[in-house]
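Descriptive structure summary
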Amino acid sequence: MGVTTFGAIYIGSYEVSLKIFELNSKKNMKTIDFVRSRVEIGKDAFHNETIGYEIVEELCDVLLKFREIMKSYQVNDYQAFCGPVFKQVTNQLFIINQIKRRTGIRVQLLSNSEHRFLSYKCVTSKPEFSRMIEESAAVINVGGSDLQITLFVHGQVVTTQHLVLGTMRMAQIFGNMNENLETTKHLMQEMVDKEMEVFLAQYCQNRTLKYLIFMGDYSVELMQHMENDMENHTIDAHKFISHVDKLRKKDIAQVAELLGVTNEKDAIFIPSLMLYSRIVENLTADYIWVPGVDISDGIGYDYALQNKLLKPTHDYDMDVLSAATSLSRRYMSYSPHIDALVEMSGLIFDSMKKIHGMGKREKLLVQVAAILHDCGKYISFANAPQCAYDIICS
């Protein structure tokens, strides 16, 4: 039986992690080790827009240890990614080059959309996911620098939106929260509610959600504290809000003790609780589900799919086409003509494969362009082609 050992390294805004996976010929993916180290890159990135020498030194030391761990597990292959926090800094290429020179580890820079897509991919592999999105759900991925909300209705993507509301970013904005905790909490609530108000007005009018699917900082610890014997990490939304509201009244050290977390000075506790509670309050779903996966699981799952070690259980191309169709309707450009154009563009693409040599991804881009080609008229009839081009490229 062939077994592939794979290492997934992720450099986030406040933590660097290594997860070791075993992938076997029975199409199984098993986590055999998970190592995390605190490196607060976000403190430099959000304040100074550069990452200082001391942080780079600390980061390289951690990655050298990770390299030794991978060697001890006789890892066959690895992938290392740095998150959207690196987009905030001006010396990102210098840091990536330093990491390569000093540790031998090749690091790839993820855009926000790539980061969220990797995390989302692993959630789709769970059997509960298909059932939940059929009934209407929102996937909320809370990170250190931002969050992403992907809205599903009747199994189809309505929209996916990026909100600049990350736990580490909020912690840096509001500084030392213990000095005036209640005022800080109130300001955080106003900040989150304002962003959610715009999202609700644009995408959730006359819509009700049954499930909220959470990924992010301390989500698993929070759910385990509420329901120790919970098998599928699902809980009633009202119970969730009531429990989080009780935690929000406590200081950082008390929250850490209740959640069983060793770092009692972690500044992202309060922002995490605030984001979870305000999102649930605003989106008014019936149930909360925490699948217990993170970006490292997404990296491992994506590697397994790319190397045909696992079979995909979800049609990701259909998600993109569904989101494009929804956007076309918002710009009042959708019609049966669009469906015919998408079909014809696909047929022309396929018939010319021997000439252009392009693949599945390029065909998807052609189909998205066909769906959105007329939406520029919503902005300007005179400059409709240019406006449509700008929308498609954004």
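Residues numbered from 1 in each chain as written. Predicted model: local features only at pLDDT ≥ 70, side-chain atom pairs only at ≥ 80, totals over all residues. Heavy atoms only, no water.

1. Observations regarding the layout of surface pockets
The volume enclosed by the largest pocket comes to roughly 2,100 Å³. Contributing elements (two or more residues each) for the lining of the largest pocket: α4 (112–124), β6 (137–142), β7 (147–153), β8 (156–163), α12 (295–306), α13 (316–330), α16 (360–372) and α17 (384–393). The biggest single contributor to the lining of the largest pocket is α13, with 9 residues. Empty space within the second largest pocket amounts to approximately 930 Å³. Lining of the second largest pocket is provided by 42 residues; of these, Tyr14, Glu15, Arg36, Asp217 and Asp294 occupy positions nearest its centre. For the lining of the second largest pocket, the secondary-structure elements that each account for two or more residues are β2 (15–24), β3 (29–38), α4, β6, β9 (211–216), α8 (219–226) and α12. Per-class residue counts for the lining of the second largest pocket are 12 nonpolar, 19 polar and 11 charged. (1 Å grid on protein atoms, 1.4 Å probe; cavity = no way out; pocket = protein on both sides within 12 Å on 5 of 7 lines; lining within 4 Å. Points joined across faces, edges and corners; volume = space filled by probe spheres on them. Helix = DSSP H or I, 4+ residues; strand = E, 2+ residues; numbered from the N terminus. Nonpolar A, V, L, I, M, F, W, Y, C, P; charged D, E, K, R; others polar.)

2. Remarks on a positive patch on the surface
On the surface, Arg67, Lys71, Lys100 and Arg106 cluster together into a patch of positive charge. Tracing the chain through its elements places Lys100 in helix α3 (residues 92–103). Exposure remark for Lys100: the relative accessible area of 40% places this residue in the partly exposed category. (Patch = residues over 30% accessible without salt bridge, like charges linked within 9 Å, V, L, I, M, F, W, Y side chains within 5 Å. Areas by Shrake-Rupley, 256 points an atom, 1.4 Å probe, with all protein chains shown as cover. Salt bridge = Lys/Arg side-chain N within 4 Å of Asp/Glu carboxyl O. Lys, Arg positive; Asp, Glu negative; His and termini not counted. Charge placed at Lys NZ, Arg CZ, Asp CG, Glu CD. Buried < 20%, exposed > 50% of the residue type's maximum accessible area, 1.4 Å probe, protein only.)

3. A closer look at the packing of aromatic side chains
Inspection of every chain in the model, using the stated rule, returns 13 aromatic pairs. When the centroid spacing of 5.4 Å and the interplanar angle of 40° are considered together, the rings of Phe199 and Tyr203 count as tilted. A residue pair is termed a helical-turn pair when its members lie 3 or 4 positions apart in one helix, as Phe199 and Tyr203 do in helix α7 (residues 181–203) at 4 residues. Residue Phe199 is classed as buried on the basis of its relative accessible area, which comes to 4%. Taken together, a centroid distance of 6.2 Å and an interplanar angle of 15° make the contact between Phe214 and Phe240 stacked. Residue Phe214 is located in strand β9, and its partner Phe240 is located in helix α9 (residues 237–248); the two are separated by 26 residues in the primary sequence. By relative accessible area, which is 1% here, Phe214 ends up buried. (Phe/Tyr/Trp six-rings, centres within 6.5 Å; stacked < 30°, edge-to-face > 60°.)

4. Topic: the sheet that holds strand β11 (residues 287–289)
A sheet is described by the order of its strands in space; here 6 strands give the open sequence β8-β7-β6-β9-β11-β10, paired in mixed fashion. With partners counted over all chains shown, the strands left at the sheet margins are β8 and β10 (234–236), one partner each. Strand-to-strand twist of the sheet, defined as the mean angle between neighbouring strand axes without regard to direction, takes the value 20°. Where β6 lies against β9, 6 bridges are found, and the strand directions are parallel. Counted as the bridge partner of Ala138 is Leu212 from β9. The sheet contacts of helix α11 (residues 269–283) involve β6, β7, β9 and β11, and relative to β9 the element is tilted by about 160°. Its contacts with the sheet put α13 on β7 and β8, and the angle it makes with β8 is roughly 80°. (Pairing = 2+ DSSP bridges. Axes fitted to C-alpha atoms, helices over the stretch in contact; angles between N-to-C directions. Contact = heavy atoms within 4.5 Å.)

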